[in-house]
Each structure stands twice: as C-alpha cells, then as structure tokens.
Amino acid sequence: FGLVLLDIWKNLYLPCFEAVYPKLAEEGVIVSDNMITPESAREAVRAYRAAVLTKPDLQTVLLPLGSGIELTIRWRPGNPKL
C-alpha cells in the first residue's frame, strides 16, 4: 500500500496496523486520525503508537492538527533519500 488512512474505532487501530504493515510500500504512509482526542481512547492509542515505534523502518510524528494526526512513513535502512 502507498497510503493507508486509519480512521475507525481506536481498539481496531492496532490489529489494522498489524495487517497493513507487511504490505506497506517503501515510502508508504500511514495517516492515523483522532490520536489526541477522545480521551476515552487513549489506552488504545498508546498501544498503537508503541507498536509503531517498535518498527525500525518507520518514522512517525504526532501532529497537533484537529483531534491529532499521527503521520508514519516507511523508510528502510539504506534508502538513498534518507
């Protein structure tokens, strides 16, 4: 996949990430919405972010836009664009 948008129930973010990660293209992007609010979803959001951070070929940043957007990009070691 070149672009994945996660904007579903927060308890499904982690299973969806695990399903799409192996298929994510080099320089592929995952956009995850509602990462700051609602507060009731913070436990699921933390689990999702922790899983993303375990992948050495992903770069990620939380953007304080709207309800919070996590922007994650796949960069494999040796990518000449790094």
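Residues numbered from 1 in each chain as written. Predicted model: local features only at pLDDT ≥ 70, side-chain atom pairs only at ≥ 80, totals over all residues. Heavy atoms only, no water.

Undergrad: Go over helix H1 (residues 13-20) with me, naming the residues and quoting the values.
TA: Quick reminder: α-helices carry 3.6 residues per turn. Residues three or four places apart thus point the same way. For H1, the set of buried residues is Tyr13, Phe17 and Val20. The buried residues of H1 occupy an angular sector of 75° when projected down its axis, which confines them to one face. Considering only its buried residues, H1 is in contact with strand S1 (3-6), strand S2 (29-33), helix H2 (42-53) and strand S3 (58-63). (Buried < 20%, exposed > 50% of the residue type's maximum accessible area, 1.4 Å probe, protein only. Helix = DSSP H or I, 4+ residues; strand = E, 2+ residues; numbered from the N terminus. Arc of directions from axis to C-beta. Contact = heavy atoms within 4.5 Å.)

Undergrad: Pulling in residues and values, what's your account of the pairing of strand S4 (residues 69-74)?
TA: Residue alternation in S4 divides its side chains into a buried set, Glu70, Thr72 and Arg74, and an unburied set, Ile69, Leu71 and Ile73. One ladder, built from six bridges, connects S3 with S4; its direction is antiparallel. Within S4, the residue paired with Leu58 across the bridge is Arg74. Hairpin connection of S3 to S4: five residues between the antiparallel strands, including Gly66 at a positive phi of 60°. (Pairing = 2+ DSSP bridges.)

Undergrad: Please set out the packing of aromatic side chains residue by residue, giving values where relevant.
TA: For the structure shown, the criterion picks out three aromatic pairs. Plain terms: the ring middles of Phe17 and Tyr21 are 5.6 Å apart, the flat faces sit at 35° to each other, and that makes the pair tilted. Between Phe17 and Tyr48, the aromatic rings sit 5.7 Å apart at their centres with planes inclined by 85°, giving edge-to-face as the arrangement. Linking Phe17 in helix H1 with Tyr48 in helix H2, this pair joins segments that are 31 residues apart in sequence. Under the relative-accessibility criterion, Phe17 is labelled buried at 1%. The ring centre of Tyr21 lies 4.5 Å from the NZ or CZ of Arg74, which sits over that ring. (Phe/Tyr/Trp six-rings, centres within 6.5 Å; stacked < 30°, edge-to-face > 60°. Lys NZ or Arg CZ within 6 Å of the ring centre and 35° of its normal.)

All quantities given are derived from atomic positions and should not be read as evidence of function.
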